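A structural walkthrough
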Number of protein chains: 2
Amino acid sequence: MGGPKLPEQERCDAILAAAYQIALTEGLDAVTARRVATAAGISPGLVFFHFQSKDGLLQALLDVLLDGTLDALTDPDLAKRAPWDRLEGMVRVELERLAEYHASVELLFAFYFSRREDLFRDRIEVSFGRYLEAFVPVCREVTAGTARSGDDLAATVVALIQGASIHAIRNPSSFNPEALLSTMQAFRPLR
Amino acid sequence: MGGPKLPEQERCDAILAAAYQIALTEGLDAVTARRVATAAGISPGLVFFHFQSKDGLLQALLDVLLDGTLDALTDPDLAKRAPWDRLEGMVRVELERLAEYHASVELLFAFYFSRREDLFRDRIEVSFGRYLEAFVPVCREVTAGTARSGDDLAATVVALIQGASIHAIRNPSSFNPEALLSTMQAFRPLR
DNA sequence: CTGATCATTGATCCGGTGATCAATATAAGG
DNA sequence: CCTTATATTGATCACCGGATCAATGATCAG
């Protein structure tokens, strides 16, 4: 018994990477201590040594997922353009990311809909909330001076993106960001 | 052993009702043969006698769910109004149904994201496809004579409704159909 | 009434899962 | 080199879920 030792951080990362991989390819239910351990080339007991419980492992996995999926809020360098162009650019970035990361987004939804414990849902809700908030300021700028509400526009835009992600998950090959973007032009203020 | 006898159909319905109830209130994972049997007041073996396997039970449950959730495509009597009014009416009906049936919709998503077998996904995809198709004709009418594409509009509208359902699931009390409907006015052709 | 068919029961088997733990190997400090 | 703290192993436990099945109860045709 016993075996080669690795620094805490590195081992945890390796375990998480294995769990992530399994979750992506075979679904959340396939993430069991034994399978993760086998995939990571370690013994099952070690998973609990580092993460206490399976819930602990899933919590950590969810954190990784949220960090890598819902943080593209930080606009790129092109931050100072006209409000509408900025909004359109943000939506475009998000939609194009979907085509690439749809598997991660799918996993996120799997977390949300199959692990209903508050522990998980609360974190996801907070992230969703932050996601919405990232769109509010620019939407308010866009609707300034019109009769429309910036908050409503933000809610609509986010609903659109989330609905689009379901499409991207269902049928990635037929998913086309341009179709949504062109329809979205209708939101542009006429002025 | 042995017990009161019931006609096949009735027993199956009772089992399905129990399964549905458990799934709605405690999630899909809580739907086990034993729990369903207890809830239905019968013996565990009977579940398999009537549904062969757990997959069989879940298939039947999914059918019930799809029938009750994604079939509101049949427009009400107010079928012959102007295209835009018709589209707006359809969206309104769907959004208002969300507020009432969000638990069923949540269950539908749970099916989709946690049971990844083709057996389940294919049926859901077909239903989603039909759902989209129900919006295509009216969207084409709406965009006729404009530069916009009816199919793109339909895809956008469906994405919007599905995104809205996620909102309705996350936070039913803060879900307000009117916000989306008013923003959607932007899609109305100017003409 | 009788026998055949169907519905029902509940005990039981088997596999997989989360979790625990004593034993052991490794690394670091004096 | 010895000691101490920390990783790591792999066997093992208890539990639960799907599935099976012999035994038994109900129902009905003849």
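Below: a short report on this structure. These figures come from a predicted structure and were not determined experimentally. (Residues numbered from 1 in each chain as written. Chains lettered and ligands numbered in written order. Predicted model: local features only at pLDDT ≥ 70, side-chain atom pairs only at ≥ 80, totals over all residues. Heavy atoms only, no water.)

1. A closer look at the overall build of chain A
Helix and strand content of chain A: 8 helices and 0 strands. Counting from the amino terminus, chain A carries its helices and strands in the arrangement α-α-α-α-α-α-α-α. A principal-axis box enclosing the C-alpha atoms of chain A has dimensions of 75 × 30 × 30 Å. In chain A, which comprises 191 residues, the share counted as buried stands at 47%. Excluding contacts between residues fewer than 6 apart, the proportion of contacts in chain A whose partners are at least 24 apart in sequence is 70%. If you sum the accessible surface of chain A, you get close to 9400 Å²; carbon and sulfur atoms cover 55% of it. Side-chain charges in chain A split into 20 positive and 26 negative, and the spacing between the mean points of these groups amounts to 2 Å. (Helix = DSSP H or I, 4+ residues; strand = E, 2+ residues; numbered from the N terminus. Buried < 20%, exposed > 50% of the residue type's maximum accessible area, 1.4 Å probe, protein only. Contact = heavy atoms within 4.5 Å. Areas by Shrake-Rupley, 256 points an atom, 1.4 Å probe, with all protein chains shown as cover. Lys, Arg positive; Asp, Glu negative; His and termini not counted. Charge placed at Lys NZ, Arg CZ, Asp CG, Glu CD.)

2. A closer look at the interface of chain B and chain A
Each partner contributes residues to the interface: chain B has 35 residues there, and chain A has 35 residues. Taking both sides of the interface into account, the surface hidden between chain B and chain A amounts to around 3100 Å²; carbon and sulfur atoms contribute 61%. The largest per-residue losses of area from chain B upon contact with chain A belong to Phe113(B), Arg170(B) and Thr183(B), which jointly make up 22% of the total buried on that side. Taken together, chain B and chain A are joined by 5 salt bridges. One salt bridge in this structure joins Arg116(B) and Glu106(A), with 3.6 Å as the shortest N-O distance. If you look at where chain B meets chain A, you find 6 residue pairs in polar contact (both at pLDDT 80 or more). The set of elements that each furnish at least two residues to the side of chain B that touches chain A consists of α1 (8-26), α5 (83-114), α6 (118-143), α7 (150-170) and α8 (177-184) of chain B. Considering every element that reaches the side of chain B that touches chain A, the biggest residue donor is α7(B), with 12 residues. (Buried area = accessible area lost by both parts, 1.4 Å probe. Salt bridge = Lys/Arg side-chain N within 4 Å of Asp/Glu carboxyl O. Polar contact = N/O pair within 3.5 Å; in protein donor to acceptor, adjacent residues only side chain to side chain.)

3. With respect to the pattern of salt bridges
One pass over the full model with this rule turns up 25 salt bridges over all chains. Several salt bridges share partner residues, and in doing so they unite Asp55(A), Arg115(A) and Glu117(A) into one network.

4. So, the nonpolar core
By size, the foremost hydrophobic cluster in this structure holds 124 residues, and its most contacted members are Phe111(A), Phe135(A), Phe111(B) and Phe135(B). If we ignore the near neighbours within four places in the chain, the residues touching Phe135(B) are Leu87(B), Met90(B), Val91(B), Glu94(B), Ala154(B), Val157(B), Val158(B) and Ile161(B). (Core = buried A, V, L, I, M, F, W, Y, C linked by side-chain atoms within 4.5 Å.)

5. What to know about the side chain of Thr69(B)
Residue and element names in this part refer to chain B. On the secondary structure map, threonine 69 appears in helix α4 (residues 54-69). Polar side-chain contacts of threonine 69 include one of 2.6 Å to the backbone oxygen of leucine 65. When neighbours within four sequence positions are excluded, threonine 69 is seen to be in contact with Arg97, Ser104, Val105 and Leu108.

6. Structural notes on the packing of α6(B) against α7(B)
Residue and element names in this part refer to chain B. Taken N-terminus to C-terminus, the directions of α6 and α7 make an angle of 130°; their axes are 7 Å apart at the nearest point. In terms of orientation, α6 lies oblique with respect to α7. Seen along the crossing, α6 lies across α7 with a hand that is right-handed. Residues Phe128, Tyr131, Leu132, Phe135, Val136, Cys139, Arg140, Val142 and Thr143 of α6 touch α7, and the partners they reach there are Gly150, Asp151, Leu153, Ala154, Ala155, Val157, Val158, Ile161 and Gln162. (Axes fitted to C-alpha atoms, helices over the stretch in contact; angles between N-to-C directions. Parallel < 35°, antiparallel > 145°, perpendicular 65-115°, else oblique. Left-handed = near helix turned anticlockwise from the far one by under 90°.)

7. Considering the relation of the copies chain B and chain A
Expressed as a screw transformation, the operator carrying chain B onto chain A has a rotation angle of 180° and an axial translation of 0.0 Å, and the superposed copies differ by an RMSD of 0.0 Å. Here the symmetry operator amounts to a two-fold rotation axis. Looking at the interface residues of chain B, 100% of them are also at the interface in chain A, so both copies use one shared face. (Least-squares fit on C-alpha atoms with pLDDT ≥ 70 in both.)

8. Digging into α8(B)
Here α8(B) lies mainly inside the structure; 6 of its 8 residues are buried. Taken together, the buried positions of α8(B) are occupied by Pro177(B), Ala179(B), Leu180(B), Leu181(B), Thr183(B) and Met184(B). If you follow the buried residues of α8(B), they end up packed against α7 (150-170) of chain A together with α5 and α7 of chain B. Residue Asn176(B) occupies the N-cap position of α8(B), its side-chain oxygen lying 3.1 Å from the main-chain nitrogen of Glu178(B).

9. What to know about unusual backbone geometry
A positive phi is found at Gln52(A), a non-glycine position, where the angle reads about 65°. Looking at where Gln52(A) falls in the secondary structure, it is placed in the loop between α3 (44-51) and α4 (54-69).

10. Section: the environment of Gln59(A)
Residues and elements named next belong to chain A. Its location among the elements puts glutamine 59 in helix α4. It is 7.1 Å that separates the C-alpha atoms of glutamine 59 and phenylalanine 120, two residues lying 61 residues apart in sequence. When sequence neighbours within four positions are dropped, the list of residues in contact with glutamine 59 reads Leu119, Phe120 and Arg123.

11. Examining the environment of Gln185(B)
Residues and elements named next belong to chain B. Along the chain, the position of glutamine 185 falls in the segment after α8. Judged by its relative accessible area of 26%, glutamine 185 is partly exposed. Each C-alpha atom of the pair glutamine 185 and glutamate 88 lies 8.5 Å from the other, and the pair is 97 residues apart in sequence. With residues near it in sequence (within four places) discarded, glutamine 185 still touches Trp84 and Glu88.

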